[in-house]
Amino acid sequence: MKRIEKFVDSMYLNVEGNQQEINELKAEMTNHLLEAVHELKAEGKTEQQAIAIAIKRFGEEKEIRNVIGQLFEIQKIFAKRILYIAVVCLIVTMSSFYFLWKVEESTAQGISDTGSLISYELKDKDVITRDMKRKIEALVEDTNYVSGVTIYKSKNIISRSGENYIDYHWKGVQPDFQYQRTIWAPKWLGANFHTFGNGDEQWFVSIDNRSFSRLEAAVLFVGMTVYWTLFTIWAIINAYHQKRLRIGWVFMFVFFNILGYLIYYFTAKQGLIPSKHDEFYEDYI
């Protein structure tokens, strides 16, 4: 039956992949051919005739090679796609996070500038005139993130503890001026509102503004979780096909991700970790 063994070996010539899987597939093919040969011999065929017919029935050599090659190619493509998706997810996550972070940074700067301009309008004024109100309203309307401004006289909200500072126990105090408007802030995007307060000895200005800080945190958490999981799966598959998958490397991939894989890669590059085919592997484990 050496002819069958040679035929099976030729089918897997230059096929890359996990050697254990290849050996299992070769053994399965050999068993099918041997069963076919025994059946043909029972029908009266000689051994050589039975082998020739069994091989012919199994298919042309080129066709079988293609099927086997496609099988292992599918595994490679699957692993590569996982890696590509992980990388794309990381890029999209970091880009989105950076964009939202810049938006929040720009909003914070804008609110600070608006607060400064309002404080400038109020400087050295004892009362808020109609003209001042219009200017303050115009400052609010010039932004797309300020939903309201409330202004109090500082003396009305000075802490009762006797300390000479303005605290936030001014809820319920009648404001000297208030302007509110509706701005775009979809809850499904995690939009919420923050309050910015700034004051001096004469006036205290409270500015309500829209924030996407929740969305910023959600994008970073979800995106990094998806990336981390996909990269870990790819690293485990890759180590498995390289016949170096052990529980230690799994922990490295799970907890250290790309850093763990770099350690895995360079130890293999430098030959620091023996493989199952090394002479001293059994002593190592």
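Being a predicted model, the structure only gives us computed values, none of them experimental.

Caption draft 1: Up close: the pattern of salt bridges. Applying the stated criterion across every chain, the model contains six salt bridges. The partner of K41 in a salt bridge is E47, with the nearest N and O atoms 3.5 Å apart. Of the charged contacts, one joins K135 and D131 as a salt bridge, the two residues approaching to 3.7 Å between their closest N and O atoms. Placement of the pair is K135 and D131 together in helix 5 (residues 130-141), with a separation of four residues, close to one helical turn. With a relative accessible area of 37%, D131 lands in the partly exposed category.

Caption draft 2: Spotlight on the environment of A239. With respect to the helices and strands, the residue A239 is situated in helix 7 (residues 213-241). Look at A239 and you get buried, because its relative accessible area is 0%. Sequence separation between A239 and Y265 is 26 residues; the distance between their C-alpha atoms is 9.5 Å. The residues touching A239, leaving out its near neighbours within four places in the chain, are R244, L245, F253 and Y264.

Caption draft 3: Here's a closer look at the pairing of strand 2 (residues 177-180). A one-sided burial pattern is seen for strand 2, the buried positions being F177 and Y179 and the unburied ones Q178 and Q180. Bridge count between strand 1 (residues 146-153) and strand 2: four bridges; the pairing is antiparallel. Paired with V149 across the strands is Y179, a residue of strand 2.

Caption draft 4: Seen up close, the packing of helix 1 (residues 2-11) against helix 2 (residues 19-42). For the pair helix 1 and helix 2, interaxial distance at closest approach is 10 Å and the crossing angle is 145°. The element helix 1 and its partner helix 2 pack so that their crossing is right-handed. Across the interface between the two elements, I4, F7, V8, D9 and M11 of helix 1 pack against K26, M29, T30, L33, L34 and V37 of helix 2. The class makeup of the residues in the contact of helix 1 with helix 2 is eight nonpolar, one polar and two charged.

Caption draft 5: Summary view of the pairing of strand 4 (residues 203-211). With nine of its nine residues buried, strand 4 lies for the most part within the structure. Going residue by residue along strand 4, you find W203, V205, I207, N209 and S211 tucked away on one face and F204, S206, D208 and R210 tucked away on the opposite face as well. Relative to strand 4, strand 1 runs antiparallel, the two sharing seven bridges. Directly across from Y152, in strand 4, lies its bridge partner F204.

Caption draft 6: Spatial organisation of the nonpolar core. Residues I118, L122, I128, I136, V149, I151 and V205 are the most contacted members of the largest nonpolar core, which totals 17 residues. Contributions of two or more residues to this core are made by helix 4 (61-122), helix 5, strand 1, strand 2 and strand 4. Broken down by element, this core gets its largest block of residues, four residues, from helix 5. Look past the residues within four positions of I118 in its chain and what remains in contact with it is I136, L139, V149, I151 and V205.

Caption draft 7: Expanded view of the packing of aromatic side chains. With the rule as written, the count across this model stands at 13 aromatic pairs. When the centroid spacing of 5.5 Å and the interplanar angle of 50° are considered together, the rings of F231 and W234 count as tilted. With F231 and W234 both in helix 7 and three residues apart, the pair spans about one turn of that helix. Taken individually, F231 and W234 each receive the classification buried, so the pair is uniform in this respect. Summarising the aromatic geometry, the rings of Y265 and F266 are spaced 5.3 Å apart at their centres and angled 80° between planes, so their arrangement reads as edge-to-face. Judged by relative accessible area, which is 37%, Y265 ranks as partly exposed. Grouped by ring-pair contacts, the aromatic residues Y227, F231, W234, W249, F253, Y261 and Y264 constitute a single cluster.

Caption draft 8: Spotlight on the environment of A36. Considering the arrangement of structural elements, one finds A36 in helix 2. Given the relative accessible area of 18%, A36 is considered buried. The sequence separation of A36 and R57 amounts to 21 residues, and the corresponding C-alpha distance is 9.1 Å.

Caption draft 9: View of the confidence of the model for the chain. Taken residue by residue, the chain gives an average pLDDT of 82. The fraction at 70 or more is 82%. Predicted confidence for residues 160-169 stays below pLDDT 50, and this span has 13 contacts to residues more than four positions away or in other chains. Long-range and interchain partners of residues 272-285, a stretch whose pLDDT sits below 50, account for 15 contacts in this model, where long-range means more than four residues apart.

Cut-offs applied
Residues numbered from 1 in each chain as written. Predicted model: local features only at pLDDT ≥ 70, side-chain atom pairs only at ≥ 80, totals over all residues. Heavy atoms only, no water. Salt bridge = Lys/Arg side-chain N within 4 Å of Asp/Glu carboxyl O. Helix = DSSP H or I, 4+ residues; strand = E, 2+ residues; numbered from the N terminus. Buried < 20%, exposed > 50% of the residue type's maximum accessible area, 1.4 Å probe, protein only. Contact = heavy atoms within 4.5 Å. Pairing = 2+ DSSP bridges. Axes fitted to C-alpha atoms, helices over the stretch in contact; angles between N-to-C directions. Left-handed = near helix turned anticlockwise from the far one by under 90°. Nonpolar A, V, L, I, M, F, W, Y, C, P; charged D, E, K, R; others polar. Core = buried A, V, L, I, M, F, W, Y, C linked by side-chain atoms within 4.5 Å. Phe/Tyr/Trp six-rings, centres within 6.5 Å; stacked < 30°, edge-to-face > 60°. pLDDT = per-residue confidence, 0-100.

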